[in-house]
Amino acid sequence: MSSRLPQEGSRINREKTVDFRFNGKNLKGFYGDTVASALLANNEMFVARSFKYHRPRGLFSAGEEEPNALMGIGEGPSFEPNIRATEVKLRQNMNVASQNHWPSLRFDFLSINNVFSRFFAAGFYYKTFMWPRAAWKYLFEPMIRRASGLGNAPSEYDEEYYEHIYHHTDVLIIGGGLAGITAAKALRDRGLSIMLCEKDCVIGGRYLEDSKIEERDRYKKFHEKSIGILKKSKDISVKLNTTVTGIFDHGFVLAYEENQHSNKASKKALWKIRAKTMILCTGAIERPIVFPDNDLPGIMLAASVRDYMQKYGVLLGDRLVLTTNNDYAYKTVIELKHRGIDIPVVLDARDSSDNPIIKEAEGLGIRILFGKCIGRVEGKRKASAIGICSVNGEGTIEELIPCNAIAVSGGWTPNVNLWSHCGGKLLWDGECGFYKPDPENTPTGREGETNMLALGACAGVFSNYDIQDHVPRKINQLASRLKIKSKRYIETNVFSKESEKKTKPVFALPHGASKDKQKRMYIDFQNDVKVSDLQLAVQEGFENVEHAKRYTTLGMATDQGKTSNINGIHVLSQSLGKPVDKIGHTTFRPPYKPIPLGLIAGQYAKKLFKPVRKTPIDKWNLLNNAIWEPVADWRRAYAYPKGNEGLEETLSREVLSVRKNVGLLDSSTLGKILVKGPDAGRFLDLIYTNMISTLKAGKCRYGLMCNEAGFVFDDGVVARLNDQSFLCHTTSGGADRVYAWLEEWLQTEWHHLKVFIVNLTEQYSQIAVAGPKSRELLQTFKSIDLSAEKLPFMNFIETNIDDIWVRIYRISFSGELSYELAVNSNQAEELWNKLNKVGKKYKLQPYGTEALHILRAEKGFIVVGDETDGTVTPHDLGMEWIVSKKKKDFIGKKAFSLPHLNSSIRKQLVGILTLDTNKVLPDGCHAVEDGKAIGHVTSTYFSPTLKRSIALGLIENGRSRKGSTLEFEISSKESIFAKIVDPNFYDPEGAKQDG
Amino acid sequence: MKRYSLSSIFTEAFRDNLGWEKAWTKRQPKKEYQIIIVGGGGHGLATAYYLAKNFNMTDIAVIEKGWIGGGNTGRNTTIIRSNYLQESSIGIYEKSRFLYETLSQDLNYNIMFSPRGVLMLCQTEHELRAMKRTSHANRINGVDTKMVAPEEVKEIVPIININGPRFPVLGALWQPRGGTARHDAVAWGYARKCSDFGIDIIEQCEVIGVKKKREKIVALETTKGNIKAKKVCFVAAGHSSVLADLAGFRLPIESVALQALVSEPIKPMIDCVVMANTVHGYLSQSDKGELVIGGGADGYNNYSQRGSFHHIEETVRALVETFPVISRLRQLRQWGGIVDMTGDRSPIISKTPVDGLYINCGWGTGGFKAIPGSGWATAEMIYNERPGKLASPFSIDRFSEGRLIDESAAAAVAH
Ligand SMILES: Cc1cc2nc3c(=O)[nH]c(=O)nc-3n(C[C@H](O)[C@H](O)[C@H](O)COP(=O)(O)OP(=O)(O)OC[C@H]3O[C@@H](n4cnc5c(N)ncnc54)[C@H](O)[C@@H]3O)c2cc1C
């Protein structure tokens, strides 16, 4: 059983106890504990169920590599599933629950999967569940889905505030172990900004815990001095609790800060860092040896056993066996032995070792067997004994040793994920059996220059002495490569040179394990991938490492194979009889540490999610009962119902007020793009289908834009402000798109043109005054003469209304006499109120976007996006008049000569009048002829003016069908019949708008 | 070929699975083939399969520069639907969806087609009108879809937030027999059947040159030597333009990175596919329990399969807004694929300027769903030496004729 030592524990404060609950049990831990250490201290060794077979699992590590101990933590809105117990600090009253079992951890129905595991070999589901066909959807899939997944999904909304923080730095040091600290010290005072990110809550990494007991005090002093230096150096900023989790192009780095000190849920931030140079000091992760029954609770990585003891004063067990292939792992048994723990045997897979650490262990009375490994583990839910066998051979048990803890070490794997996120290549080191960064093929920056350097254990340099030796050298080299003029950094090595610790690259033992044993040898704990699975994959031809990974799901669990990748590759290489470096490795992808989706969304969520754009009239609209319609990111008033009017009555009132008296529309959202410069006219001639350059100052022209394929893209009125400036109006939804479009053409194709473009959409607001009484209304402001002679249709003037500057366009989107008043946005509300006040006399009614749409549909004006859908040409719309024949070139011109754009079966814009005048055609319904669709309705309304239903539509060869009646299918059972007419239902001569 | 069945699993379980054969035989190229398919993704393999199945052609090689299914076929978010707007699109995508229904049985390989339903949300009036139009087009063309009201959306996907406030759900287009499938299995299942037909599947073999005689194809130069062929079809997705260049013609294609991501696995929380075009993101949950998330493509051309983070950010933000309860789940992995985008976002299945050389590409962000139908139509074209009814609208000359098949009105995201 696991237990707490009476003293010791560098991370815990024994004066402060912390209460928490695990699966409903009330337990106690200490301040500073992780959930994992607290569970162990409470003798909770069986804490999880595996993904596929629901096998009992215990803590396997003390860090981020933990594959087993995933917990659901918290309650209600702060509940989080799948949290590694090794990475969360214990908090008062924390609720911790194990997952992936039903009804309880101990008695889990789905552990039946384990009983039938022989049928569930890799890829079995590709071979079955096919009959009967419908059973997949209704039976098998739901069953599989329920059994898989890990934790429960949260069911409540998340109340946490997530933040993104932006940071630029010359150098980013990733990892604050000995290599990272030394690198920071070596880089200081060179005029560089240096940031060091450390995922742990303290810096130091492994080197203090890993040093010899008798030297530890000396190193502690050295460490404190180093910390002092970092603190004092103004050019170094240290971020603790911050895991660098993704490296992207151009030195863009994501780091995930998780601050667990508060008593509530942890505070999280996402750092977006731009680093010119990155120094990777991410250390190494211990990997296990794969042996039969290696997944039972009570088996743990050797260094983690030591971590729990040194940092938290927790013992995995008091009778511990070590199985290893290297010298490092002896530290664990030596430390344990010093505390009086029984070490019945150490099984070393090597033939021998001459490292003095072996003598030291032997001197403590530890029995060491070379050439041996574990052939079997006894115990159902917890290891209770091991069987010793030879590394060679099939694993016949020579001796059974009772024990309650097993430490395993297969050597150390450099932590190279970040190196390969952005193109760095890896080299196989056959001697040590791992991949390490290839210094010749590094990640590169914007100019293709090397922008990352790997130092310390992640580069395969393990001893403290060597690290302190090579880091300063490498940093000095870096400085001269970056042409930084500064003094060389020299540091006297405080570490004593140790004899080299060796690892024999063996991965799965015993070498000749029988089939039966291979089925109990786990490589990937979380996904239950065994040696037998990889062998089956190879047997079935899934030889490529990517195929094998996908077929067996090796390394695809939430730990992303941190403890399993290398072992898996090795088993693959053995099964294939190919050297490991010919096998390759799967690609490491961001994120290194999983990031909460809410954090990725950041602060621009909830209220700040695509903030609503509001016009200056918005407040008035709100107070006047507007119904809203989202248009791009704007909200616009759709209609202004009065009293208990129904929507139809409202729309009818608003439309008729424009037709009979005068209406007021907030059209501020209209896109307004200023195009300015000596070549502005030339530029716009290339953009619009019609001629713009000939427009006289003070005049307006309706313009149409097409894309290269000849399809309508946007439209609006262009006003020539003066010789060199044009103000181009776009659709409300299209403003940003058009602006980007103009910039793109200007920057990529016509960069020789002298033109500037500014998007002034929000600088000017616009108010439409439309209706037969609009002129009269505006003329009550004495200053202006709006007579037809002074301001004819498609002209504008600039003047003042009282003391408000306005530009008055005489344009019309309703077919009525109409003016649009552009005004500086800060005075828009004032002007709006003035107009309203004066308008009372003329029965002025404000109208919304829906009335606007009805008005324009009555008049047969198109709306880009309704009458057009990216496949419609000006000719289809009956607007050939707007396509210049004179211009040599403009966007879309070439396309107009393509055969299909001139074919006779194109859909053309027509008006549609239902035979039953009260029946309004549904949106988007199609006209059918001989069972085939021949076109569709693009806009459809009940016209208050005409007191009948009207519609516009695109119908194959529509213009030649005028007068004929077509069938519009509105459901599989019902059709509406309608007559095809001219798409202009109101005042076709245009006498009113021109008047 | 050993059949996969319950009884074979049972017998194998009792003899250590020793009897399972290679899913497909690893071959070295012969000197010559009737037909070579370049590209061992879903479309290439399906083309070879239907050539064998429908036309008894088996003197075929599929050559793949990497590993089978390692391109976009193994990188996509596996949405299968046929609720398209244009008739030609409906034709091929619905054929494809229909073939998916029985593909597991046809291939004797469980590709896990899961007709769990696809919901396309409408979050603006404009989108609502456009979807209504699509639903009418679907009905007339025999595709089973319908418009559903917001309350019904909530019933189908209880975790969705239909009330906004930013973009309330106004309705949705629901295709009950759309869904997902297991992408790797589609590639592997086709490869296995092809191999069984005697088609050679040759991996780690890259085409590096094209040999022509008087504008007729005669052979391919590959990293495994020259291989002669009477007919060749390029089915290389993002790298199609590279191959076309080797053959001496150009394609109207841009290659960009499209990204996707998955969350850590959790117990089932959503059992259909939801696509939200206004906010730009879509979501489903895999059988393993991971949320599978995708969004838009990067705005610049590139061949490196790394995308930019800001796209992921936008997509995730959109989905957290739509499904607030996913906020505390964590992103496990992200990746990208190089997608082949045509000007009208519709594919190309066509003859080429080189006699005997055919091409299938341009599936862009949405070709997984088309694999069976596209393979079917391409096989037909290669065998008959001219496109049939399904393929002919997608010929390459549509770009020079202006006969574009644009779906942009129907959906901003075409997955
Ligand atoms: C992130 C993402 C999400 C997607 N989501 C969906 C979705 O939800 N639904 C959907 O329907 N579609 C989706 N797609 C699109 C879909 O994945 C593709 O359209 C489809 O898989 C293309 O299949 P393919 O066989 O044409 O191409 P690929 O699978 O890419 O196969 C092409 C093959 O050609 C090989 N090749 C290239 N050059 C050569 C050469 N010179 N010699 C030999 N071999 C060569 C490549 O190695 C590759 O294996 C998505 C795509 C991505 C990237």
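The structure displayed is predicted, hence computed values, not measured ones. Counting of residues starts from 1 at the beginning of each chain's written sequence and follows it residue by residue. Numbering of ligands from 1 and lettering of chains from A proceed in the order in which they are written. Under the rules for a predicted model, residues below a pLDDT of 70 receive no local features and side-chain atom pairs below 80 are neither given nor counted, while totals for whole chains, interfaces and linings still include all residues.

Digging into the overall build of chain A
Helical segments are the DSSP runs of H or I of at least four residues, strand segments are the runs of E of at least two, and each set is numbered from the N terminus. The helix and strand tally for chain A stands at 26 helices and 50 strands. Summarising its shape, the C-alpha atoms of chain A cover approximately 115 × 75 × 55 Å along the three principal directions. Exposed residues have 12 or fewer other C-beta atoms within 10 Å of their own C-beta, buried residues have 20 or more, and partly exposed residues fall in between, where C-beta atoms are placed from the backbone. Counting every position in chain A, which comprises 995 residues, the buried fraction comes to 53%. Note on contacts: each residue gets a C-beta atom placed from the backbone, and two residues are in contact if those atoms are within 7 Å. Restricting the contact set of chain A to residue pairs at least 6 apart, pairs at least 24 apart contribute 67%.

Things to note about the overall build of chain B
Scanning chain B from N- to C-terminus turns up 11 helices and 18 strands. For chain B, the C-alpha radius of gyration of 21 Å lies close to 22 Å, the compact-globule estimate for 415 residues. Taken along its principal axes, the extent of the C-alpha atoms in chain B is 65 × 60 × 40 Å. Evaluated residue by residue, chain B yields a buried proportion of 64% over its 415 residues. By sequence separation, contacts in chain B at least 24 residues apart represent 75% of the contacts at least 6 residues apart. Our radius of gyration looks at C-alpha atoms and nothing else; its globule reference is 2.2 Å times the residue count to the power 0.38.

Some words on the site of the ligand
Residues and elements named next belong to chain B. Taken together, 40 residues are adjacent to the ligand, and Gly 39, Gly 41, Gly 71, Gly 337 and Gly 367 come closest. When contributions to the shell around the ligand are tallied by element, the ones reaching two or more residues are helix 2 (42–55), strand 12 (253–263) and strand 16 (330–342). Under the scheme applied, nonpolar residues are Ala, Val, Leu, Ile, Met, Phe, Trp, Tyr, Cys and Pro; charged residues are Asp, Glu, Lys and Arg; polar residues are all the others, including Gly. Classifying every residue of the shell around the ligand by side-chain character gives 13 nonpolar, 22 polar and 5 charged. Residues are classed as near a molecule or strand if the C-beta position derived from their backbone is within 6 Å of it.

Structural notes on the sheet that holds strand 6 (residues 70–73) of chain A
Residue and element names in this part refer to chain A. Two strands are said to pair when DSSP picks up at least two bridges between them. In space, the 5 strands of this open sheet follow the order 3-2-8-6-7, with mixed pairing throughout. Each edge of the sheet is formed by a strand with only one pairing partner; in this case those strands are strand 3 (25–31) and strand 7 (80–84). Geometrically, the sheet is characterised by an average inter-axis angle of 40 degrees between neighbouring strands, direction not taken into account. As defined by bridge partners, strand 6 adjoins strand 8 (residues 94–98) across 3 bridges and the pair is classed as antiparallel. Opposite Gly 72, over in strand 8, you have Ala 97 as the bridge partner. Axis definition: a line fitted to C-alpha atoms, limited for helices to the stretch in contact. Angles are taken between N-to-C directions and run from 0 to 180 degrees.

Quick word on the domain arrangement of chain B
Residue and element names in this part refer to chain B. Throughout the structure description, domain borders are defined by an automatic or database domain assignment. Taken domain by domain, chain B consists of domain 1 (26–109 + 182–252 + 344–401) and domain 2 (118–179 + 255–342). In this assembly, 29 residues from domain 1 lie in contact with 27 residues from domain 2. Mapped by element, the contributors of at least two residues to the side of domain 1 that touches domain 2 are strand 3 (79–80), helix 3 (87–101) and helix 8 (240–247). Looking at the side of domain 1 that touches domain 2 element by element, the count peaks at 4 residues for helix 3. Here the side of domain 1 that touches domain 2 is built from residues that sort into 9 nonpolar, 13 polar and 7 charged.

Points about the pairing of strand 11 (residues 225–234) of chain B
Residue and element names in this part refer to chain B. Pairing analysis gives 6 bridges linking strand 1 (residues 32–38) to strand 11, with the strands arranged parallel. Within strand 11, the position partnered with Ile 36 by the bridge is Val 232. Where strand 10 (residues 216–222) lies against strand 11, 4 bridges are found, and the strand directions are antiparallel. When the bridges of strand 11 are listed, Leu 220 appears paired with Ile 227. Where strand 10 folds back on strand 11, the antiparallel hairpin that results is connected by 2 residues. Note: strand 11 against strand 18 (residues 357–361), 3 bridges, orientation parallel. Residue Phe 234 lies in a different strand from strand 18, and its bridge partner there is Ile 359.

A short note on the interface of chain A and chain B
Taken together, the 85 residues of chain A in the interface contact 75 residues of chain B. For the side of chain A that touches chain B, the leading source of residues is helix 4 (residues 135–147) of chain A, giving 6 residues. For the side of chain A that touches chain B, the residue count by class is 41 nonpolar, 23 polar and 21 charged.

Some thoughts on helix 20 (residues 647–660) of chain A
Between its terminal C-alpha atoms helix 20 of chain A stretches 20 Å, which fits the 20 Å expected from 14 residues at 1.5 Å a residue. On the buried face of helix 20 of chain A, the contacting elements are strand 33 (634–639), strand 34 (663–666), strand 40 (764–770), strand 44 (845–846) and helix 25 (849–859) of chain A. Helix span, expected: 1.5 Å multiplied by one less than the number of residues in the helix.

What to know about the domain arrangement of chain A
Often the size quoted for an interface is simply the accessible area lost on bringing the parts together. All names here are of chain A. Entries for chain A in the domain assignment read domain 1 (3–126), domain 2 (163–285 + 414–481), domain 3 (315–402), domain 4 (627–668 + 763–871), domain 5 (671–760 + 873–899) and domain 6 (904–995). The C-alpha centroid of domain 2 is placed 30 Å from the C-alpha centroid of domain 1. Every contact between the two is made by 7 residues of domain 1 and, on the other side, 4 residues of domain 2.

Quick notes on the packing of helix 5 (residues 178–187) of chain A against helix 7 (residues 216–232) of chain A
Residue and element names in this part refer to chain A. Axis separation between helix 5 and helix 7 bottoms out at 10 Å; the angle between their running directions is 45 degrees. One way to sum up the angle between helix 5 and helix 7 is to call them oblique. The crossing of helix 5 and helix 7 is left-handed. In this structure, helix 5 uses Ile 181, Ala 184 and Lys 185 to contact helix 7, whose residues at the interface are Ser 226, Ile 229 and Leu 230. Oblique is the label for every angle not falling under 35 degrees (roughly parallel), over 145 degrees (roughly antiparallel), or within 65 to 115 degrees (roughly perpendicular). For any pair of crossing helices, the crossing counts as left-handed if the nearer helix is rotated counterclockwise from the farther one by less than a right angle, and right-handed if it is rotated clockwise.

Overview of the environment of A:Gly878
Residue and element names in this part refer to chain A. As for its position among the elements, Gly 878 is in the loop between helix 25 and strand 45 (907–914). The class of Gly 878 is partly exposed, set by 17 C-beta atoms lying within 10 Å. Taking the C-alpha atoms as reference points, Gly 878 and Gln 908, 30 residues apart in sequence, are found 7.2 Å from one another. Beyond its immediate sequence surroundings of up to four residues, Gly 878 is in contact with Gln 908, Leu 909 and Arg 959.

What about unusual backbone geometry?
Following A:Trp102, the chain continues into A:Pro103 via a peptide bond in cis, with omega recorded as 0 degrees. Cis rather than trans, the peptide bond between A:Trp131 and A:Pro132 has omega equal to -15 degrees. With respect to the helices and strands, the residue A:Pro132 is situated in the loop between helix 3 (124–127) and helix 4. With phi around 60 degrees, A:Asn43 is a residue other than glycine that occupies positive phi space. Topologically, A:Asn43 is positioned in the loop between helix 1 (35–41) and strand 4 (48–49). Residue class for A:Asn43 comes out partly exposed when judged on the 13 C-beta atoms lying within 10 Å of it. Unusually for a residue other than glycine, B:Asp16 sits at a positive phi of about 55 degrees. Along the chain, the position of B:Asp16 falls in the loop between helix 1 (6–13) and strand 1.

Overview of the environment of A:Ile299
Residue and element names in this part refer to chain A. For Ile 299, the location among the structural elements is in strand 16 (residues 299–301). Along the sequence, Ile 299 and Ala 407 sit 108 residues apart, while their C-alpha atoms lie 5.9 Å from each other. Once residues lying within four places of it in the same chain are set aside, the contact partners of Ile 299 are Phe 60, Asn 294, Ala 383, Ile 406 and Val 408.

Some remarks on the packing of helix 5 of chain A against helix 12 (residues 464–481) of chain A
Residues and elements named next belong to chain A. Two elements in contact, helix 5 and helix 12, have axes separated by 9 Å at closest approach and are oriented at 35 degrees. Of the two elements, helix 5 crosses helix 12, and the hand of that crossing is right-handed. Each of Leu 178, Ala 179, Thr 182, Ala 183, Ala 186 and Leu 187 in helix 5 lies in contact with helix 12, whose residues at this interface are Asn 464, Ile 467, Gln 468, Val 471, Pro 472 and Ile 475. Tallied by class, the residues present in the contact of helix 5 with helix 12 amount to 9 nonpolar, 3 polar and no charged.

Some remarks on the pairing of strand 35 (residues 671–676) of chain A
Residue and element names in this part refer to chain A. Relative to strand 38 (residues 725–730), strand 35 runs antiparallel, the two sharing 6 bridges. Counterpart to Gly 671 in the pairing with strand 38 is Thr 730. Relative to strand 39 (residues 756–759), strand 35 runs antiparallel, the two sharing 4 bridges. When the bridges of strand 39 are listed, Lys 676 appears paired with Phe 756.

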